[in-house]
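Results of the structural survey
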Amino acid sequence: MNRKLVFALAAGLATSSFAFAQAPAAAPAVAPEALPAKVAIIAFEQAVVATNEGQKAFADIQKKYEPKKNAIEAQGAEVDSLKKQLQALPATTSDEERASRIKAIDTKEKSLQRDAEDAQNAYQGDIQEALGKISQKVGGAAVDYAKKNGFTLLLNVGGNQQTPNPVLWFAEPTDITQAVVNAYNTTSGIAAPAPSAPSPRRTAPAAAKPATAAPKK
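Position numbers for residues start from 1 in each chain and track the written sequence from start to end. Per-residue local features of the predicted model are confined to residues with pLDDT of at least 70, and side-chain atom pairs are confined, for both listing and counting, to 80 or more; whole-chain, interface and lining totals are unaffected and use all residues. Side-chain numbers come from the whole structure's heavy atoms, not from hydrogens or water.

**Thoughts on the overall build of the protein**
- A run of H or I in DSSP becomes a helix once it reaches four residues, and a run of E becomes a strand once it reaches two; helices and strands are each numbered from the N terminus. Regarding its fold elements, the protein presents six helices and three strands.
- Scanning the protein from its N terminus toward the C terminus, one meets helices and strands in the order α-α-β-α-α-α-β-β-α.
- Burial classification: accessible surface area is computed with a 1.4 Å probe over protein chains only, and a residue below 20% of its type maximum counts as buried, one above 50% as exposed, and the rest as partly exposed. Within the protein, the proportion of its 217 residues that are buried is 24%.
- Every residue pair with non-hydrogen atoms within 4.5 Å of one another is taken to be in contact. A sequence separation of at least 24 residues applies to 82% of the contacts in the protein between residues at least 6 apart.
- To measure how exposed things are, a 1.4 Å probe is used in the Shrake-Rupley method; for residues, cover is taken only from the protein chains shown. Taken as a whole, the protein presents about 15400 Å² of accessible surface, with 58% of it coming from carbon and sulfur.

What follows is the structure in structure tokens.
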């Protein structure tokens, strides 16, 4: 299996891969603790592709696009053949004949390019969708493994430009976000803003009473 190709095609995988990453709690119920650090690393994208399910998904997609790949290769061979025929034309060939052949080659080349781009986009879409689904399950397994084996931090060493944050998971008690906010508020001397008053309800205006005619004298 060409893993470099898989990684290139699955570049968008990381965007959905890390949905399992734990977000810091806004206000933890207990004070944070300093736990003994035990860091684990994982080449996440490589792990997803290396699973039996990942390899099967890749093989199935390769098989699905094999006919299209063969058709595109045949189109390319035809274009190459037409170019060789153009180059082999005798010097006595008319300008009209040359122009006609050049136009035909150009039309076929553009059609080939469109077909190749469409097939590549569809292929990449299938790869990303398949590996994206597997990544959710592998991500859950990775976090579960880290928890069961006493790790406090799980880092991805196989990320790319789309995943600048390498943290996949961390132990909740080590999150000091709210504790730092509280400590700063204590030392800053700035009181918390008053809660905004609820907007008063607007009552509908009373319906106007019809005017009564003055009694005739």
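After presenting the structure, the write-up continues.
**A few points about the environment of Gln178**
- You can see Gln178 is positioned in helix α6 (residues 177-188).
- The exposure class of Gln178 is partly exposed, given its relative accessible area of 22%.
- Expressed as a C-alpha distance, the spacing of Gln178 and Pro32, which sit 146 residues apart in the sequence, is 9.1 Å.

**Quick word on the packing of aromatic side chains**
- Stacked, edge-to-face and tilted labels apply to pairs of Phe, Tyr and Trp rings (six-membered ring for Trp) whose centres lie within 6.5 Å, assigned for plane angles under 30 degrees, over 60, and everything in between, in that order. Per the stated rule, a full pass over the model turns up one aromatic pair.
- Here the aromatic rings of Tyr65 and Tyr123 are separated by 5.5 Å at their centres, their planes lie at 90 degrees, and the arrangement is edge-to-face. With Tyr65 in helix α4 (residues 52-87) and Tyr123 in helix α5 (residues 95-148), the pair connects residues that are 58 residues apart, well separated along the chain. Grouping residues by exposure puts Tyr65 and Tyr123 together as buried.
- A positively charged side chain is recorded as over a ring if its NZ (Lys) or CZ (Arg) lies within 6 Å of the ring centre. The angle to the ring normal must also be within 35 degrees. Note that Lys38 overlies the ring of Phe151, its terminal NZ or CZ placed 4.7 Å from the centroid.

**Topic: α5**
- A helix is expected to span 1.5 Å multiplied by its residue count minus one. Taking 1.5 Å of rise per residue, 54 residues should cover 80 Å, and α5 covers 77 Å from first to last C-alpha, within 8% of that figure.
- Positive phi appears at Gly150, one or two residues downstream of α5, with a value of about 75 degrees.

**So, the sheet that holds strand β1 (residues 39-42)**
- Taken together, three strands build an open sheet; the order of strands is β1-β2-β3 and the sheet is mixed. Single-partner strands in this sheet number two, and they are β1 and β3 (167-170). The mean inter-strand angle of the sheet, taken between neighbouring strand axes irrespective of direction, is 15 degrees.
- The strands touched by α5 within the sheet are β1, β2 (153-156) and β3, with β3 carrying the most contacts at an inclination of about 40 degrees. In this scheme, strands are said to pair when DSSP sees at least two bridges between them. Axes here mean lines fitted to C-alpha atoms, for a helix over just the part in contact, with angles spanning 0 to 180 degrees between N-to-C directions.

**Regarding the packing of α4 against α5**
- Running from N to C, α4 and α5 point in directions that differ by 170 degrees, and their axes come no closer than 10 Å. The angle between α4 and α5 falls in the class roughly antiparallel.
- Here the contact of α4 with α5 is built from residues that sort into 19 nonpolar, six polar and 12 charged. In what follows, roughly perpendicular refers to angles from 65 to 115 degrees, roughly parallel to angles under 35, roughly antiparallel to angles over 145, and oblique to any angle outside these ranges. Put simply, Ala, Val, Leu, Ile, Met, Phe, Trp, Tyr, Cys and Pro go in the nonpolar bin, Asp, Glu, Lys and Arg in the charged bin, and everything else, Gly too, in the polar bin.

**Some words on the pairing of β2**
- Here β2 shows one buried face, formed by Leu154 and Asn156, and one open face, formed by Leu153 and Leu155.
- Direction of pairing for β1 relative to β2: parallel, over a ladder of four bridges. Bridge assignment links Val39 to a residue of β2, and that residue is Leu153.
- Bridge count between β2 and β3: three bridges; the pairing is antiparallel. Bridged to Leu155 within β3 is Val167.

**Section: a nonpolar patch on the surface**
- Residues enter patches when they are more than 30% accessible in relative terms and free of salt bridges; like-charged ones are connected within 9 Å and nonpolar ones (Val, Leu, Ile, Met, Phe, Trp, Tyr) within 5 Å. We define a salt bridge as a contact between a side-chain nitrogen of Lys or Arg and a carboxyl oxygen of Asp or Glu at a distance within 4 Å. Together, Val39, Ile41 and Val157 make up an exposed nonpolar region whose accessible area comes to about 290 Å².
- With respect to the helices and strands, the residue Val157 is situated in the loop between β2 and β3.

**Quick notes on the side chain of Asp126**
- Note on placement: Asp126 falls in helix α5.
- Each residue touching Asp126, except ones within four places of it in the same chain, is listed here: Ile61, Lys64 and Tyr65.

**Looking at the pattern of salt bridges**
- On inspection of all chains with the given rule, the structure shows 10 salt bridges.
- With a closest N to O distance of 2.7 Å, Lys137 and Glu53 form a salt bridge. Of the two residues, Lys137 is situated in helix α5 and Glu53 in helix α4; the sequence distance between them amounts to 84 residues.
- As a salt-bridge pair, Glu73 and Lys69 come within 2.9 Å of each other at their nearest N and O atoms. Here Lys69 and Glu73 lie together in helix α4, a separation of four residues that amounts to about one turn.
- On the basis of relative accessible area, Glu73 is assigned to the partly exposed category, the value being 45%.

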